[in-house]
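So you can see what is in the structure, the chains are spelled out below.
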Amino acid sequence: MKWFGVVSVLSGLAISPVFAQGTDAQQREAFVSHLMKQMTLEEKIGQLRLISVGPDNPKEAIRDGISKGQIGAIFNTVTRPDIRLMQDQAMQLGRLKIPLFFAYDVVHGQRTVFPISLGLAASFDLEAIALSGRISAQEASDDGLNMTFSPMVDITRDPRWGRVSEGFGEDTWLVSKIAKVMVDAYQNGDPSKPGSVMASVKHFALYGATEGGRDYNTVDMSPLRMHQDYLPPYKAAVDAGSGGVMVSLNSVNGVPATANPWLLKDLLRDQWGFKGITISDHGAIKELIKHGVAEDARDAVRLAITSGVDMSMSDEYYDKYLPGLVKEGRVAESEIDRACRDVLNTKYDMGLFKDPYNHLGPAGADPQDTNAESRLHRAQARVIARNTLVLLKNDNQTLPLQKQGTIALIGPMADSQRDIMGSWSAAGVVKQSITVREGLHNAVGEKANILYAKGANITQDKSIIDYLNLYEPAVVFDSRSPQQMIDEAVKVARQADVVVAVVGESQGMAHEASSRADITIPPSQRNLIAALKATGKPIVLVLMNGRPLALGWESEHSDAMLETWFSGTEGGNAIADVLFGDYNPSGKLPMTFPRSVGQIPMYYNHLNSGRPFNKENPGKYTSRYFDSPNGPLYPFGYGLSYTQFALSDFTLSSAEMARNGKITASVTLKNTGKYDGATVVQLYVQDVAASVSRPIKELRNFKKVMLRAGQQQRVELPLTEEDLKFYNASLKWGAEPGKFNVFVGLDSDNVQQQSFTLK
Ligand code: NOJ
């Protein structure tokens, strides 16, 4: 047990001089190699098991496994006392005293819940997004956690998929930027430090392209599209140093990701140089049987480990079958060593060998109340949340509202603490979230009268309600008849000066396993909106939803619409800030909002085709639908303000760009309205003629600019050759000489154009 003395963790000293020489990587290599020499095959396999605590795995059973060296890491345990007990078990009873690491889905906050990721992307504010990530990491680390299964950077172009809520939208460039921001925010340069956690980017790869938007479905994609559009965000996270990669549940061109050595070895390790751990998704190894690539569980294990899956999430089979597979020679022991080394390296990088309690601290310092208010970051959550709200429509300046008179607040989501948190709300406590109802009351105090009625159930479809309530009592179903509820709401509306209706989806409708074939607001709520509209009162729709919805009908039956996503713990206050004009909305859509489900997939950066549809001159034989207006209802990058902005004098610093060169696009942004406010100036590029067809435009830069009423500013947005590069038909990355169009606008549709030539 020589290494035992070396792991000075245990005595609180620095790592023994034996290993304290050489570079960090050499020290780690020496340390881990020495440790592995002491380990039996079974102990190495134990390190590959990531186990969840839950009804199937009671704490006692897990502790027994820990003491026998059969478990490498734990997820879904989120309090310091619980985590400490398990770490004690490993450190006191484990033969080699190898610390565990602890992981959790901290996707958009831990105790403080921030807006869902799609909402965060709508802020177009990388600093705000970074702040949400930093606070999430601090709170997660303060709960004793070492890793988050985040960021989720799947490119999403199909709003039927419920998991679009977890990602940052459709744009590869923007999502890649955010991927780096989030990894940096979580790891903060060193995941071992208190206040940091290791990131595990997911879901590798291409999960967002699941066919038909149906969860867990097949992905089939050309190599060009894969490299151009879907892989870059994962690569950006890996380049930023993400310690983990979670493997996706889908197949990739016929081969499930969990059994895909091209993906997990050739691309991820050999081409991208990834050095961390790969983790299977929940149940994915067993699912190889249903995918039809493994004969049985034993075969599935062989495939997963030899394809490069290091850790088995919720493992049932690695410990059962790997020892035998190795003994029979069907899996080389070197595969186990490789995977085990990845896990031990990860623990080393987490600082756990120096101090297994580095995120836990001493037992006496555990918070007396895990859910204490003092542990939340409410002020920051409110500032971030209001940044994410997108004003879709505002006829006759219905918004902002006055803090006077009578306001009718109506709708199934208006007072729902659970819904406003969104799905994947980690350790957030429902009772701590601020609903729109509470936010409105906080904002107006005694100045205005707020009347409330629920007005409708989210849906009257009992089978959907049962689906949503399968694992938690998430949706409260009102047993009054729909007409009774509407009558009550109309009565309330008639007494008011304005109606604020909070409608959309409940959080469970935009989650894992929550694909929709219909992306409209359910009929129960539409009937409510129609009845409210018939009162003749101004109607403000506050939309809560985790995906783009088809909102054509709603837009015709309302005066104003504010997209609020699921805005988190402080959502109600943030929404009130915007409704009353204490904050002027500045969010922009990170995903195209189609008119109907039939238009999907619909994304702004599509190829032109040989027969593009032209609004001015539609023609017959063009790429269009003849039974629907063409184009989106709201384009990518769209979002209004209470003030107006105008762009003028768009110039390029040169009509030519040299190789490795740079040009600067400049445009004057003027706030021509009456309110101070911020907007996002967006820069798009199009390669006019290249060796492969290139998108009609692609985002390559943006700037969020705050201007006082009447103020103007020259906004400069640089472009470099790097921004012009793409994969050609041989998958070579580079820029091709020729003409480029450059567009600036306040959304992706309404743009001004200039051109230059790349030499
Ligand atoms: C399954 C989900 O697909 C994944 O995103 C998540 O991280 C794991 N479960 C763990 O909860």
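Residues numbered from 1 in each chain as written. Predicted model: local features only at pLDDT ≥ 70, side-chain atom pairs only at ≥ 80, totals over all residues. Heavy atoms only, no water.

**Quick look at the side chain of threonine 569**
Reasoning step 1: On the secondary structure map, threonine 569 appears in the loop between strand S16 (560-563) and helix H23 (571-579).
Reasoning step 2: At a separation of 2.7 Å, a polar atom in the side chain of threonine 569 contacts the main-chain amide nitrogen of valine 113.
Reasoning step 3: Ignoring sequence-local partners within four residues, the contact set of threonine 569 consists of Arg111, Thr112, Val113, Arg378, Gln432, Ser433 and Ile434. (Helix = DSSP H or I, 4+ residues; strand = E, 2+ residues; numbered from the N terminus. Polar contact = N/O pair within 3.5 Å; in protein donor to acceptor, adjacent residues only side chain to side chain. Contact = heavy atoms within 4.5 Å.)

**Observations regarding the nonpolar core**
Reasoning step 1: Counting 124 residues, the largest nonpolar core has Ile74, Phe204 and Leu322 as the members making the most contacts within it.
Reasoning step 2: Among the elements that take part in this core, helix H8 (residues 172-187) stands out by supplying nine residues, more than any other.
Reasoning step 3: Residues in contact with isoleucine 74, not counting those within four places in the same chain, are Leu50, Ile51, Val53, Ile62, Ile66, Met86, Leu100, Phe101, Phe102 and Ala103.
Reasoning step 4: Formed by 81 residues, the second largest nonpolar core is a distinct cluster that contains Ile529, Val540, Met561 and Tyr634. (Core = buried A, V, L, I, M, F, W, Y, C linked by side-chain atoms within 4.5 Å. Buried < 20%, exposed > 50% of the residue type's maximum accessible area, 1.4 Å probe, protein only.)

**Some remarks on the sheet that holds strand S6 (residues 244-247)**
Reasoning step 1: Taken together, eight strands build an open sheet; the order of strands is S9-S6-S5-S4-S3-S2-S1-S10 and the sheet is parallel. Looking at the sheet topology across the chains shown, the edges are occupied by strand S9 (277-279) and strand S10 (312-313).
Reasoning step 2: Sheet strands in contact with helix H10 (residues 232-239) are strand S5 (198-204) and S6, and its direction is about 160 degrees off that of S5.
Reasoning step 3: Along the sheet, helix H11 (residues 261-271) contacts S5, S6 and S9; its crossing angle with S5, the most-contacted strand, is approximately 130 degrees. (Pairing = 2+ DSSP bridges. Axes fitted to C-alpha atoms, helices over the stretch in contact; angles between N-to-C directions.)

**Things to note about the packing of helix H9 (residues 223-230) against H10**
Reasoning step 1: Two elements in contact, H9 and H10, have axes whose closest approach is 6 Å; the angle formed by their N-to-C orientations is 50 degrees. In this view, H9 runs oblique relative to H10, as classed from their interaxial angle. Taking contact as the criterion, the partners of Met226, His227, Gln228, Asp229 and Tyr230 in H9 are, on H10, Pro232, Pro233 and Tyr234. (Parallel < 35°, antiparallel > 145°, perpendicular 65-115°, else oblique.)

**Observations regarding unusual backbone geometry**
Reasoning step 1: With an omega dihedral of 5 degrees, the bond running from serine 150 to proline 151 counts as a cis peptide bond.
Reasoning step 2: Mapping proline 151 onto the fold places it in the loop between strand S4 (147-148) and H8.
Reasoning step 3: Omega for the bond connecting leucine 399 with proline 400 falls within 30 degrees of zero, at 0 degrees, which places this linkage in the cis form.
Reasoning step 4: For proline 400, the location among the structural elements is in the loop between strand S11 (390-394) and strand S12 (406-410).
Reasoning step 5: For tryptophan 565, which is not a glycine, the phi torsion comes out positive at approximately 55 degrees.
Reasoning step 6: Counting through the fold element by element, tryptophan 565 comes out in the loop between S16 and H23.
Reasoning step 7: In this model, leucine 731 sits at a positive phi of 60 degrees, which is unusual for a non-glycine residue.
Reasoning step 8: Given the relative accessible area of 32%, leucine 731 is considered partly exposed.

**Thoughts on the packing of aromatic side chains**
Reasoning step 1: Counting across every chain of the model gives 17 aromatic pairs.
Reasoning step 2: By way of ring pairs, the aromatic residues Phe124, Trp173, Tyr604, Phe636, Tyr684 and Phe702 are connected into one cluster.
Reasoning step 3: Taking NZ or CZ as reference, lysine 202 lies 5.4 Å from the ring centre of tryptophan 424, over its face. (Phe/Tyr/Trp six-rings, centres within 6.5 Å; stacked < 30°, edge-to-face > 60°. Lys NZ or Arg CZ within 6 Å of the ring centre and 35° of its normal.)

**A word on the pairing of strand S26 (residues 751-758)**
Look at any regular strand and the pattern is simple: side chains alternate between the two faces of the sheet.
Reasoning step 1: The pairing of strand S18 (residues 656-657) with S26 spans two bridges and is classified as parallel. Bridge pairing links glutamate 656 to threonine 757 in S26.
Reasoning step 2: Here strand S25 (residues 738-745) pairs with S26 via eight bridges, running antiparallel. Within S26, the residue paired with glycine 738 across the bridge is leucine 758.

**Examining the sheet that holds strand S15 (residues 539-544)**
Hydrogen bonding along the main chain pairs the strands of a sheet, whether they run parallel or antiparallel.
Reasoning step 1: On the basis of which strands lie adjacent, the open sheet formed by six strands has the order S11-S16-S15-S14-S12-S13 and mixed pairing. Pairing within the sheet leaves two strands with one partner each, and these edge strands are S11 and strand S13 (449-453). In this sheet, adjacent strand axes meet at a mean angle of 20 degrees when their direction is disregarded.
Reasoning step 2: By the bridge criterion, five bridges tie S12 to S13 in an arrangement that is parallel. Bridge pairing links isoleucine 407 to isoleucine 450 in S13.
Reasoning step 3: Sitting on the sheet, H23 is in contact with strand S14 (498-504), S15 and S16, with an inclination near 145 degrees to S15.

**A few points about the pattern of salt bridges**
Reasoning step 1: Inspection of the entire model under this criterion finds 51 salt bridges.
Reasoning step 2: Among the ionic pairs, aspartate 337 bridges to lysine 44, the shortest N-O distance being 2.9 Å. Of the two residues, aspartate 337 is situated in helix H15 (residues 333-349) and lysine 44 in helix H3 (residues 41-47); the sequence distance between them amounts to 293 residues.
Reasoning step 3: Overall, the relative accessible area of 8% leaves lysine 44 in the buried class.
Reasoning step 4: When the shortest N-O distance is used, the salt bridge between glutamate 554 and arginine 526 registers 2.8 Å. Of this pair, glutamate 554 sits in helix H22 (residues 552-556) while arginine 526 is found in helix H21 (residues 523-533), placing the two residues 28 residues apart along the sequence.
Reasoning step 5: Relative accessible area serves as the criterion here: at 0%, glutamate 554 is assigned to the buried category.
Reasoning step 6: A network of salt bridges, in which partner residues are shared, links Arg80, Arg84, Arg111, Asp142, Asp143, Asp366 and Arg375. (Salt bridge = Lys/Arg side-chain N within 4 Å of Asp/Glu carboxyl O.)

**A few points about the confidence of the model for the chain**
As a general rule, the predicted coordinates of low-pLDDT regions are not to be interpreted in detail.
Reasoning step 1: Across the chain, pLDDT averages 96, with 97% of residues at or above 70.
Reasoning step 2: The model gives residues 1-15 a pLDDT under 50, and that stretch makes 32 contacts with residues more than four places away or in other chains. (pLDDT = per-residue confidence, 0-100.)

**Brief notes about the site of the ligand**
Reasoning step 1: Neighbouring the ligand are Phe75, Asp105, Phe149, Arg163, Lys202, His203, Met246, Asp281, His282, Met313, Trp424 and Glu512.
Reasoning step 2: Within the side chain of aspartate 105, an N or O atom sits 2.4 Å from an oxygen atom of the ligand.
Reasoning step 3: Taking aspartate 281, its side chain carries an N or O atom lying 2.5 Å from an oxygen atom of the ligand.
Reasoning step 4: For the ligand, whose unbound accessible area comes to 300 Å², protein coverage reaches 95%.
Reasoning step 5: Within the shell around the ligand, the residues separate by chemical class into five nonpolar, two polar and five charged. (Near = heavy atom within 4 Å. Areas by Shrake-Rupley, 256 points an atom, 1.4 Å probe, with all protein chains shown as cover. Nonpolar A, V, L, I, M, F, W, Y, C, P; charged D, E, K, R; others polar.)

**Points about the side chain of asparagine 387**
Reasoning step 1: Position of asparagine 387 among the secondary structure elements: in helix H16 (residues 378-387).
Reasoning step 2: Only 3.1 Å separates the side chain of asparagine 387 from the side chain of aspartate 125, close enough to count as a polar contact.
Reasoning step 3: In this structure asparagine 387 touches Ala122, Ser123, Asp125, Ala128, Tyr583, Ser586, Gly587 and Lys704, once residues within four positions along its chain are discounted.

**Section: the packing of helix H20 (residues 482-494) against H21**
Reasoning step 1: Across the interface, H20 lies against H21 with an axial gap of 9 Å and an inter-helix angle of 35 degrees. Handedness of the H20/H21 crossing: right-handed. Residues Ile486, Ala489, Val490 and Ala493 of H20 lie in contact with H21, whose contacting residues are Asn527, Leu528, Ala531 and Leu532.
Reasoning step 2: Considering only residue class, the contact of H20 with H21 consists of seven nonpolar, one polar and no charged. (Left-handed = near helix turned anticlockwise from the far one by under 90°.)

**Side note on the domain arrangement of the chain**
Reasoning step 1: Under the domain assignment, the chain is made up of domain 1 (1-38), domain 2 (39-360), domain 3 (389-586) and domain 4 (645-758).
Reasoning step 2: Counting from both sides, the interface comprises 17 residues of domain 1 and, opposite them, 21 residues of domain 2.
Reasoning step 3: Between domain 1 and domain 2, a total of about 1700 Å² is buried, with carbon and sulfur atoms accounting for 66% of that surface.
Reasoning step 4: At the junction of domain 1 with domain 2, the criterion picks out two salt bridges.
Reasoning step 5: The closest approach of N and O atoms between glutamate 29 and arginine 341, which form a salt bridge, is 3.9 Å. (Domains from an automatic or database assignment. Buried area = accessible area lost by both parts, 1.4 Å probe.)

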